[in-house]
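# Structural overview
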Amino acid sequence: NGKIITMPTVCPTMQQPICTNGRSAAKISDDDGCCPHYECRCVCSVWCGSHYLTFDGESYNFNENCSYYLVKEIIAKYNLTVVVNRDCDPSSSTFCPKVLTVTYKSFKVVLTQLMSSGIPTNVVFVNQQKIYPAYSNSVLRITSTDIITTLELQDISAKIVYSGSSFSIDLPYSLFEGNTEGQCGTCDNSQSNECRSPNGQVGSCSDTAGEWQVPHTPCVIPTTPPTPRTTSKPPHSTPPVFVPPGPFVTSCVFDTCNLGKNSCCSLEAYATECSNEGICIDWRNATNGLCEHKCPSNKVYMPCGPSVEPTCNNGYNTAYQTVASSNNTKEGCFCPHGTTLFNTVHDICVDTCGKTRFCRTLFCWLGETWTSDCQTCVCDKDSMSVQCEPVQCQSVQSPNCSEPGQQLVNNTVNCCTTQSCVTTTTPSGAGEISTTSESFTPGPCQECYCGPEMDPVTKLNIVICKPVVCNENCSAGYEYQTEPGKCCGTCVQMDCIFTTPDNVTVHVIEVSTAANSE
């Protein structure tokens, strides 16, 4: 009857499920935000290179060096895959970080580490282009310190956290329930079918893990001894906690007692998992320097630093810091108190932002490109900073400078080096210099040779040319005559020449003239 009646929505009683992975269930809001519910979370963790904890809490050890599917959809709904492989630095056999390749929609994100001043540092590539977090687009959001990198797939609420010694994959249960396979197992809150082969046959995780090798990738026999499978299942009677420590304690004891390794990577992996839940642990100070993280000389270590470090760029700070949660801290190397990071590309700390500029004199628009000092520069819209790379020059085949007097010379044109054939000449000894990229041909009736003096401009020896001197003296009865197209003529016989029988007297007789011979 024209009246609007408002009644509160009646929500069903919320019940927290028991999660087989031992983690506390997450409180999830529905589409209209009225009736939240609880659901288990699918979190898979890998640490110390060989210790795995699946989505549903099954722990095992696996140590092979090739590419494997960590996460793969059974039925493709979101086109998400996560692949792990080990990338060894050819110059250092001891530096072999694990590499995560996350493929989602049209994006391929590679999370890895590179050595910087002797310190392993996280780096990120998006579609083969190196980016400098923080970074975001309509699909991805990436934040990073030098130790921990966080990749968020915003539209499906998935999160991948990476460090060189550990990483974790956090997927929403409601979107991926029963639809994952690979080394991380099946996300369905059941350990009975957790690990299976690509053909669907269920088996032990340590046995099926090797079957998830990415096709056409070679395997390397590991140099470390194989590690036996271990299992850590939290009992259901134990109240759930944010991150059950059991598997990490087991791996710590095993690595220390059986392999002679230190316990740092297990401790770091567990502390990182706690950090992902918003709980910061200042654990490195409790190891008496055993697990110390060394920072560059211009940075200081913080166990609970900001996930997005502020910079001198206010636009960058506004775009990325406002999204970062206040309790979302990460460990890493940061600028000391009283200084500010200039930007994420030029990783330096400044006392006053206004005193340092890396841009050109004029302000630039986001996306603008220009060339300066043989550098192609762009005002990057993601890091909001100027990024420059050397001008890319096309490969040009060198000319053939095999003609006499030719030498190959490098010339710089528009920042790119070109090569040409150069010849220097001094025609007729006059001291003139002639330069060409063409073949050198001496002037008419000249003799040329490479002289001892060097031209100060081309730095090539000077070619000296002189007129050809012809011998015009002919014997009796011969006459010197020139020939067309030739520098020197020849002696042509014009008279008859008669030699007496005793070879003593020679007579020259003109043509048609009689002569007496005694």
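Residues numbered from 1 in each chain as written. Predicted model: local features only at pLDDT ≥ 70, side-chain atom pairs only at ≥ 80, totals over all residues. Heavy atoms only, no water.

### Some remarks on unusual backbone geometry
- Here P133 and A134 are connected by a cis peptide whose omega angle stands at 15 degrees.
- Take A134: it is sitting in the loop between strand 11 (129–131) and strand 12 (135–136).
- Although it is not a glycine, K105 adopts a positive phi angle of roughly 55 degrees.
- Summarising the element assignment, K105 is placed in the loop between strand 8 (98–104) and strand 9 (107–116).
- If you check the backbone angles, Q128 has positive phi at about 70 degrees while not being a glycine.
- By the element assignment, Q128 lies in the loop between strand 10 (119–126) and strand 11. (Helix = DSSP H or I, 4+ residues; strand = E, 2+ residues; numbered from the N terminus.)

### Structural notes on the pattern of salt bridges
- Following the criterion strictly, the structure yields 10 salt bridges and no others.
- Measuring nitrogen to oxygen at the nearest pair gives 2.6 Å for the salt bridge that ties E268 to R284. Here E268, found in helix 4 (residues 264–276), pairs with R284, found in the loop between helix 4 and strand 18 (300–306); they are 16 residues apart in sequence, far enough to count as distant.
- The salt bridge involving K486 is made with E483; its shortest N-O contact spans 3.4 Å.
- Here E483 falls in the partly exposed class, since its relative accessible area comes to 27%.
- One network of salt bridges, in which partners are shared, links R23, R41, D170, E273 and E277. (Salt bridge = Lys/Arg side-chain N within 4 Å of Asp/Glu carboxyl O. Buried < 20%, exposed > 50% of the residue type's maximum accessible area, 1.4 Å probe, protein only.)

### With respect to the sheet that holds strand 7 (residues 80–86)
- If you walk across this open sheet you meet the 7 strands as 11-10-9-8-7-6-17, and the pairing is antiparallel. Two strands close off the open sheet at either side, each with one partner strand: strand 11 and strand 17 (180–181).
- With 2 bridges connecting them, strand 6 (residues 68–73) and strand 17 associate as antiparallel partners. Bridging from a neighbouring strand, K72 pairs with E181 of strand 17. (Pairing = 2+ DSSP bridges.)

### Thoughts on the nonpolar core
- In terms of nonpolar packing, the biggest core is built from 43 residues, with L70, L100, V109, V126, L140 and L171 touching the most fellow members.
- Once residues lying within four places of it in the same chain are set aside, the contact partners of L140 are F107, V109, V126, Y135, L151, E152, L153 and Q154.
- Listed in part, the 7 residues of the second largest apolar core include W47, V243, F248 and C265. (Core = buried A, V, L, I, M, F, W, Y, C linked by side-chain atoms within 4.5 Å. Contact = heavy atoms within 4.5 Å.)

### Some remarks on the state of the cysteines
- This model, assessed by the stated rule, comprises 18 disulfides.
- Shown here is the disulfide that connects C19 with C40, its sulfur atoms set 2.1 Å apart. Judged by the torsion about the S-S bond (-95 degrees), the C19/C40 disulfide is left-handed. Separated by 21 residues along the polypeptide, C19 in the segment before strand 1 (26–28) and C40 in the loop between strand 2 (37–39) and strand 3 (42–47) bring together distant segments of the chain. (Disulfide = S-S within 2.5 Å.)

### Examining the side chain of N179
- Relative to the helices and strands, N179 is located in the loop between helix 1 (173–176) and strand 17.
- Given the relative accessible area of 6%, N179 is considered buried.
- A polar contact of 2.8 Å, which involves the side chain of N179, links it to the backbone nitrogen of I75.
- Filtering out sequence-adjacent residues up to four positions away, N179 remains in contact with K72, E73, I74, I75 and K77. (Polar contact = N/O pair within 3.5 Å; in protein donor to acceptor, adjacent residues only side chain to side chain.)

### A word on the confidence of the model for the protein
- On average, the protein scores 81 in pLDDT, and the residues at 70 or more come to 84%.
- Every residue in residues 221–240 scores below 50 in pLDDT, and together they form 39 contacts with partners more than four places removed in sequence or on other chains.
- This stretch, residues 355–362, has a pLDDT under 50; its non-local contacts, to residues over four places away or in other chains, come to 11 contacts. (pLDDT = per-residue confidence, 0-100.)

### Here we look at the side chain of E277
- Among the secondary structure elements, E277 is positioned in the loop between helix 4 and strand 18.
- The residues contacting E277, other than those within four sequence positions of it, are R23, R41, F242 and V243.

### Comments concerning the pairing of strand 16 (residues 166–171)
- Burial runs high along strand 16: 6 of the 6 residues are buried.
- Hairpin geometry of strand 15 (residues 158–162) and strand 16 is characterised by an intervening segment of 3 residues between the two adjacent antiparallel strands.

### A short note on the packing of aromatic side chains
- For the coordinates displayed, the defined rule picks out 8 aromatic pairs.
- Ring geometry for Y52 against F62: centres 6.3 Å apart, planes inclined by 75 degrees, an arrangement best described as edge-to-face. Of the two residues, Y52 sits in strand 4 (residues 51–53) while F62 sits in the loop between strand 5 (59–61) and strand 6, which places them 10 residues apart along the sequence.
- The class of Y52 is buried, set by a relative accessible area of 3%.
- The buried category is assigned to F62, whose relative accessible area is 10%.
- Taking 5.0 Å as the distance between ring centres and 50 degrees as the angle between the ring planes, the aromatic pair formed by Y316 and Y320 counts as tilted. Taken as a pair, Y316 and Y320 lie in helix 5 (residues 314–320) at a separation of 4 residues, close to a single helical turn.
- Y316 sits in the buried class, given a relative accessible area of 2%.
- Members of the aromatic cluster, each reached through a chain of ring pairs, are Y52, Y60, F62 and Y68. (Phe/Tyr/Trp six-rings, centres within 6.5 Å; stacked < 30°, edge-to-face > 60°.)

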